[in-house]
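Residues per chain, in single letters:
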Amino acid sequence: MSGPGMNGMDAILPTLNGGLQGYLVVALLLFAIGLATVLLRRTLLMQFMGVELMLNAANVALLAFARFRGGDAQAMVFYLFIIAVAACEAAIGLALVIGLYRHRDTTDSDRAASLKQ
Amino acid sequence: MNKYYWLIPILPLLGSLFNGLLGKRAGKGVVTFVGVGVVFGALLLACSAFFAMKGTADHRLALTYGEWMGTGALSVPIGLVVDTLSGTMMLIITGVSFLIHLYSVGYMHEDEGYARFFCYLNLFVFFMLTLVLGSSLPLMFVGWEGVGLCSYLLIGYFFETDYAPDAGLKAFLTNRVGDLGVVIGMMVLFAAFGTLTVADILTQAGHLAPEVGFGVLTFATLMLFMGATGKSAQLPLYLWLPDAMAGPTPVSALIHAATMVTSGIYLICRLAPVFTLTPITLTVVAWVGAATALFAATIGLVQRDIKKVLAYSTVSQLGYMFLGLGASGFAAGFFHVFTHAWFKALLFLGAGSVILAMHHEQDLFKMGGLKAKLPITFWTMLIATLAIIGFPGTSGFASKDEILYLAYLKSPALWVVGVLAACCTAFYMLRLFTLTFLGKARDHHAYDHAHESPATMTLPLALLAVGTLLAVWLGWPKAFGGDFRIEAWLAPATTFGQLHAVHGEHGSHALAWALASVSTVLGLGFAAFGYLSYKDGLAVSAARAVRFPFLHNLLLNKYYVDEGVELYLLRPLRWFGNVLWKLFDVIIIDGVGVNLPGALTRVSGDFTALFQTGRVRNYALSMALGAALLLYVFLK
Amino acid sequence: MTWLNSHPLSFLVFAPTLLGLILMALPQAMGRLARMLGFMGALAFFVLSLAWLLGHGAGYVVERAPWFTLVGLPVDYALTVDGLNLWLVILTTFLVPLTMLGTWNSLKDRIGTFAALFLLLETGMLGALMAQDLFFFYLFWEAMLIPMYFMIGVWGGDERRYAANKFFLFTLSGSLLWLVALLYLANKAGGFNPVLMGQAASTLPFHVQSWLFIAFAVAFAIKVPLFPLHTWLPDAHVQAPTAGSVILAGVLLKLGGYGFIRFAIPMFPQAAMHYAKPIALLSVIAIVYGALVAMVQRDVKKLVAYSSVSHMGFVMLGLASFTVIGTQGAMLQMLNHGISTGALFLLVGMLYDRAHTRMIADFGGVAVKMPVFTTFFFIITLSSIGLPLTNGFVGEFWILNGTFVSGFSWGRLYACLATSGVVLGAVYMLWMFKRVFWGPENKDVDSGTHHLHTDLNAREIAVMLPLVVLVLWMGVHPRTFTAISEAPVTALLKDAQAPAPRNFVLKPAVHEAAPAAQAPENTEGHAAEPAAHEVHR
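Residues numbered from 1 in each chain as written. Chains lettered and ligands numbered in written order. Predicted model: local features only at pLDDT ≥ 70, side-chain atom pairs only at ≥ 80, totals over all residues.

A.B. asks: How should I be thinking about the overall build of chain A in this particular structure?
C.D. replies: Across its full length, chain A holds four helices and zero strands. For chain A, the α and β elements follow one another from N to C terminus as α-α-α-α. In chain A, the share of contacts with a sequence separation of at least 24, taken over all contacts with a separation of at least 6, comes to 49%. (Helix = DSSP H or I, 4+ residues; strand = E, 2+ residues; numbered from the N terminus. Contact = placed C-beta atoms within 7 Å.)

Right, here's the structure in full:
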């Protein structure tokens, strides 16, 4: 996949009038910020936000590609699906955080390193 | 009558089962009736079988009842054979057993385990008769091991004591070492003859030439002889017999003097045609016998326990029997079995009578002067003593002289050893007799309470004394005008299946007279020496012990053989077992082979577990790095 | 009922599981009821197995049907009872209820679950004994491990976890190797039918056969256990509860020997004979080694465990002899060991229940306090040391004799060496017997003897009596138990082309002798040597 993938990108990018790159840069930045948040912050709430940022970065990239390929409907479906999954995940994740807080008086992920009490 | 002969061994077995299972509840009277009754029944049936056998043309009665443990090429029929050899042995066993059962009624009367005692004793008679009458080697081996078992149980009869269990264990294990030889011997014979039935083996052996050098049969017979040394207490497996005196005295008389210990001789006589083919084995048998006779007799010189003296005397006399067998005198050896059964049983029962009179005192040094108190015991013991020292005219003289004569023909050196042993025998027997019955009482308290035993005990003594006197009729040597009729009598059995009877060389009557005179004069001289040394008490012998301390201690401690066995055999064996267990099993196999791979697995698991911190951020980082790595690899 | 008539074996194999699952479903408070139900059920299975299997005359019962296909290889649902396994099956169904009765009050907690596991184990054992399809067999073989693992791991002694894991992993690691060989051969044969697999194996090159045989042999040898793969056994036995030890010794070990005679030897006869010498050597080592190590044990149960190593060494020696006598001896010795060692573990359990110790040094003079118990223990001891008229003698004598006349050149030497096991057997058993039962009563208040207050009760006597009767029956009339296996064993050895027995050739007397020149070699007895070398390579 490595060869054709790279050639594909090289082929596509110049034809898109330069507009796509801006969106992709935004997506990249969003993703980097999200990743950094997850890796550097220990508070589970902040880490969640980082995860949401990364998901949305993926959404931005997805929609941008769709737009510049001529309004691909599949991307929209994926986008909506990801939003829904993210919402569910946030709901369950936040519930888990609250559960953890009740049990251990903390939302610090490093202090929840063991499944045992 | 033929169809009832299977009852000869089975009757005592039934008696044993009854006494073992119900005896305690049934009471002593019933136990006595059953215990003695079954042996009497066996005795009657044995007499009937004996005369039936005598009536047949070839003096042989073979009965087969079925198959025991056949498989493949192996077939082991259950059958009994009464011929001149096994018939005579059967009569000795049932006869002596009956008398000793009778004696035990008096001797064991006070004992709590009365029923248990008769259970074991009956069981012994069953196994002994199986050994003698069995038609095949495995069946004989049933009896062979079985009598060992009963011996073990009866030696350990006083199991709550310190010493009896040890003695019993020693007896069983020593015998087991010998039995190893019997098992190997049977395997070799099976591989050689393709059968284990005695008659078939002997018939085939009749077609064979004697082995020159060390062949298959020599190996087989040597292995069987190894078994015989165990059961018949010969060097080097004699160790258990002196300790076996821990059992009740009737047991010592029956099992450890008259019957069981002679089964080694019986086995060799049974297979005499095979042994005849192996001159090397016969020489070994003769020398082991002679060496044992002298060795045990010297130990007997200094023992203080009356039963120990008799025990060493038994070992020594058994040595004579093997000496006779080794000199190809199967009839002579067996004749000594026959005479010895009477006089040694008599000596033991007499000793039992003395022990009971002295309130379980067995130390010779504390006896003395009992002649007045125990007249019947005194006179019967005197007869037995004269017989065992070979006083001219007695049965002991006849059998021992024949053996010594044959030994001389085989090798004069054997004769010299035999005569030396006879001298020792004369000395220690007179010592025993003098210390017990003559002189002055050394323990007055016990002496004053001593009294003659009840009739159930003195009657067997008297009967055995009569037997001792009459036994001579069977084998008065030819050299002295007799006809040694036991030789012709046993010939159908000891030469069974042989095409050409092997005739041993026969010296002249003059030689026999000369040899007999020398040994008799020497023997009587040592007997007198024994009497003179002890007739005035212990002073003379004590002085002698001081003069020869080394020799005295050596003999008193039985040449330190027991200590040597413990130090050089048992202790290393236990040490080796421990090494195997703690070094080989635990460290090498379990440690290196099993737990080391286990530990390695665990260590490698522990190492990888270091990366499982449980922290979400670590996992996220590794995920991100992994993703980056994948992107780099695929998009490069 | 018609289904039962046509599928008696299926019923015997799976009914215990069914009952076991029902017992498991019962609430814990009803443990005593579950125990009673389990016992009654096991007893019923025993009676049914006797009635059905002995009633079939020749004892030959087959159930075979296609089952499913595993990656293109057909697996059969095949159960058989014939001469090779009839008595082992009956031994199993006999020992299960007997053991339940014998250890009635030994366990205090979760007795219902224990009874249920016991029945599951019975299914595993019976299935493994009867299965005639190797995949089916493998399933049961592994399924046996699970209940036993829990029996040791939950109800065992202080070191139970180590022992349970060791038992499980030891056995499993052997059988995984075997599984690889099994799948390889099944691919060659196109199925798991042992006959077809054997035929396929015979077409393979010899070194491939050898490897396959080794894979089979290691799996079975671990179960036997053959030296040096035996170290799981003492730990498992000592830690297991009495019932577990009895079944472990009584049946599970037999499956190793049975695996050899049912699968490994008939499927790879050439390879089996090629490796007969190393197997026999290891057996002889096991006999002597087990006995020597048993001799110095301080724990009665561990002593009995090591004696198992020694006794099962005899079984393997008999199988390696490739003679009818030796193999029949091995068959009988397996039954003997099941009865005698099972009985010994039961007796040790009865002693432990009273005294709460098994150390030899803690006893002494037990005979005074428990005469009935002592009598039973003594009779079983005699059986264990192979006294004639007990079962032990016949088996050992056949094995030794079969090995001695075996067509292999090593047979005679190894038979003589193995005989020493008979002496050592008496040493460790009777020495232990002396120290525990005889001698003055141990009056120490901490001693085991001091805690013995009651002799055997009626229940315990009822457990021991059948065992003692069997010990004597098998010793007096072994043909009851071996006649049925004689024909299959003979056929098996014939198919395997085992070397003819090697006998001594004796020199006849001069006047009827053959030419004198050949005589000297013949007396040495190497007449049958060529046949032995052929196989021996």
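A.B. asks: What exactly am I supposed to notice about the overall build of chain C here?
C.D. replies: The secondary structure content of chain C amounts to 23 helices and two strands. Relative to the 2.2 N^0.38 estimate, which gives 24 Å for 537 residues, the radius of gyration of chain C is 24 Å and therefore close to what a compact globule would have. C-alpha extents for chain C along the principal axes are approximately 80 × 60 × 40 Å. Taken over 537 residues, chain C has a buried fraction of 60%. (Rg over C-alpha atoms; globule rule 2.2 N^0.38 Å. Buried ≥ 20, exposed ≤ 12 C-beta atoms within 10 Å, placed from the backbone.)

A.B. asks: Just to check I follow, could you spell out unusual backbone geometry for this structure?
C.D. replies: Phi is mostly negative for residues that are not glycine, and the peptide bonds are mostly trans. Omega for the bond connecting Val224(C) with Pro225(C) falls within 30 degrees of zero, at -10°, which places this linkage in the cis form. The backbone phi angle of Lys558(B) is positive, close to 55°, even though this residue is not glycine. Looking at the secondary structure, you find Lys558(B) in the loop between helix H25 (549-556) and helix H26 (561-609).

A.B. asks: What's the story with helix H3 (residues 44-68) of chain A in this structure? I'm lost.
C.D. replies: Since one α-helical turn is 3.6 residues long, residues separated by three or four positions face the same way. Over its 25 residues, H3(A) extends 36 Å from the first C-alpha to the last, a length consistent with the 36 Å expected when each residue adds 1.5 Å. Turning to H3(A), its buried residues number three or more, namely Leu44(A), Gln47(A), Phe48(A), Gly50(A), Leu53(A), Met54(A), Ala57(A) and Ala64(A). In this fold, the buried residues of H3(A) make contact with helix H2 (19-40) and helix H4 (73-104) of chain A together with helix H27 (616-635) of chain B. Just beyond H3(A), the residue with positive phi is Gly70(A), at close to 105°. (Expected span 1.5 Å × (residues − 1).)

A.B. asks: Honestly, the pairing of strand S2 (residues 73-81) of chain C in this entry has me stumped. Any pointers?
C.D. replies: Residues in a regular strand point their side chains to alternate faces of the sheet. All names here are of chain C. For strand S1 (residues 61-70) and S2, the ladder comprises nine bridges, and the chain directions are antiparallel. Each residue of the ladder has a partner; that of Thr-69, found in S2, is Pro-74. Where S1 folds back onto S2 in an antiparallel hairpin, the turn is made up of two residues, including Val-71, whose phi is positive at roughly 35°. (Pairing = 2+ DSSP bridges.)

A.B. asks: Can you walk me through helix H1 (residues 7-21) of chain B in this structure?
C.D. replies: Residues and elements named next belong to chain B. Compared with the 21 Å implied by 1.5 Å per residue over 15 residues, the 20 Å span of H1 between its first and last C-alpha is a close match. Along H1, the positions that sit buried rather than exposed are Ile-8, Pro-9, Leu-11, Pro-12, Gly-15, Ser-16, Phe-18 and Asn-19. Buried residues in H1 make contact with helix H2 (23-26), helix H3 (28-55) and helix H5 (114-133).

A.B. asks: What should I look at first to understand the interface of chain C and chain B in this one?
C.D. replies: Between chain C and chain B, the contact holds 55 residues from the first and 45 residues from the second. Where the side of chain C that touches chain B is concerned, the elements lending two or more residues are helix H13 (276-295), helix H15 (324-355), helix H16 (366-369), helix H18 (391-404), helix H19 (411-437) and helix H21 (479-495) of chain C. When grouped by side-chain class, the residues that make up the side of chain C that touches chain B number 36 nonpolar, twelve polar and seven charged. (Nonpolar A, V, L, I, M, F, W, Y, C, P; charged D, E, K, R; others polar.)

A.B. asks: Teacher, can you tell me more about the packing of helix H16 (residues 330-357) of chain B against helix H21 (residues 455-470) of chain B here?
C.D. replies: Helices that pack against each other are described as a pair by the angle of their axes relative to one another and the distance between those axes. Residue and element names in this part refer to chain B. At a minimum axis distance of 9 Å, the contact between H16 and H21 shows a crossing angle of 155°. Overall, the two elements H16 and H21 adopt an arrangement that is roughly antiparallel. Of the two possible hands of crossing, H16 and H21 adopt the one that is left-handed. Contacts between H16 and H21 pair Trp-342, Phe-343, Ala-345, Leu-346, Leu-349, Gly-350 and Ser-353 from the former with Met-457, Pro-460, Leu-461, Leu-464, Ala-465, Gly-467 and Thr-468 from the latter. Its residues placed into classes, the contact of H16 with H21 shows ten nonpolar, four polar and no charged. (Axes fitted to C-alpha atoms, helices over the stretch in contact; angles between N-to-C directions. Parallel < 35°, antiparallel > 145°, perpendicular 65-115°, else oblique. Left-handed = near helix turned anticlockwise from the far one by under 90°.)

A.B. asks: Got a minute to help me understand the interface of chain A and chain B in this structure?
C.D. replies: Accessible area lost upon the coming together of the parts serves often as the stated size of an interface. Contacts between chain A and chain B engage 13 residues on the former and eleven residues on the latter. Sorting the residues of the side of chain A that touches chain B by element identifies helix H1 (2-15) and H2 of chain A as the ones contributing at least two each.

A.B. asks: Honestly, the nonpolar core in this entry has me stumped. Any pointers?
C.D. replies: When a protein is soluble and globular, its nonpolar side chains tend to lie buried together. Ala345(B) and Ala264(C) are the most contacted members of the largest nonpolar core, which has 429 residues in total. Every residue in contact with Ala264(C), bar those within four places of it in the chain, is listed here: Phe213(C), Phe216(C), Ala217(C), Phe220(C), Gly259(C) and Ala272(C). Counting residues in hydrophobic clusters, the runner-up holds seven residues, among them Leu35(A), Val38(A), Leu53(A) and Met54(A). (Core = buried A, V, L, I, M, F, W, Y, C linked by C-beta atoms within 7 Å.)

A.B. asks: Honestly, the packing of helix H4 (residues 84-107) of chain B against H21(B) in this entry has me stumped. Any pointers?
C.D. replies: Residues and elements named next belong to chain B. The contact between H4 and H21 brings their axes to 7 Å, and the two run at 150°. If you check the angle between H4 and H21, you find them roughly antiparallel. In terms of crossing hand, the pair formed by H4 and H21 is left-handed. Along its contact with H4, which presents Leu-99, Ile-100, Leu-102, Tyr-103, Val-105, Gly-106 and Tyr-107, the element H21 presents Thr-456, Met-457, Leu-459, Pro-460, Leu-463 and Leu-464. Taken together, the residues of the contact of H4 with H21 sort by class into eleven nonpolar, two polar and no charged.

A.B. asks: Explain the environment of His336(B) here, please?
C.D. replies: Residue and element names in this part refer to chain B. With respect to the helices, strands and loops of the structure, His-336 is situated in helix H16. C-alpha separation for the pair His-336 and Gln-317, spaced 19 residues apart in sequence, amounts to 8.3 Å. Sequence-distant contacts of His-336, defined by excluding residues within four places in its chain, comprise Tyr-320, Met-321, Gly-324, Ser-399, Lys-400 and Ile-403.

A.B. asks: Help me out: how do you make sense of the arrangement of the chains in this one?
C.D. replies: With two pairs of chains in contact overall, the greatest share of contacts is found between chains B and C. The two partners chain A and chain C share no contact, and the minimum distance between any of their C-alpha atoms is 22 Å.

A.B. asks: Looking at this structure, how should I read the confidence of the model for chain A?
C.D. replies: Per-residue pLDDT for chain A has a mean of 82; in total, 83% of the residues score no lower than 70. Note that pLDDT drops below 50 for residues 1-6 of chain A; the model gives that stretch seven contacts with residues more than four away or on any other chain. (pLDDT = per-residue confidence, 0-100.)

A.B. asks: Any chance you could explain the environment of Pro440(C) here in plain terms?
C.D. replies: Structurally, Pro440(C) can be placed in the loop between H19 and helix H20 (458-476). Note on Pro440(C): 14 C-beta atoms within 10 Å, which makes it partly exposed. Sequence separation between Pro440(C) and Gly364(C) is 76 residues, and the spatial gap between their C-alpha atoms is 6.5 Å. Discounting residues that sit within four places of it in the chain, Pro440(C) has contacts with Glu160(B), Asp162(B), Gly364(C) and Gly365(C).

A.B. asks: Quick question: what am I supposed to make of the confidence of the model for chain C here?
C.D. replies: Close inspection of predicted coordinates is inappropriate in any region flagged by low pLDDT. Residues and elements named next belong to chain C. Looking at chain C, the pLDDT average stands at 87 and 93% of residues meet or exceed 70. Across residues 512-537, confidence stays below pLDDT 50; counting only partners more than four residues off in sequence or on other chains, it has 34 contacts. For this predicted complex, the interface confidence comes out at an ipTM of 0.90, alongside a pTM of 0.87.

A.B. asks: Explain the environment of Lys400(B) to me, please; I cannot follow it from the model alone.
C.D. replies: Residue and element names in this part refer to chain B. With respect to the helices, strands and loops of the structure, Lys-400 is situated in helix H18 (residues 395-410). C-alpha of Lys-400 to C-alpha of Met-321: the two residues are 79 residues apart in sequence and 8.6 Å apart in space. When near neighbours in sequence (up to four residues on either side) are disregarded, Lys-400 contacts Tyr-320, His-336, Gly-390 and Ala-422.

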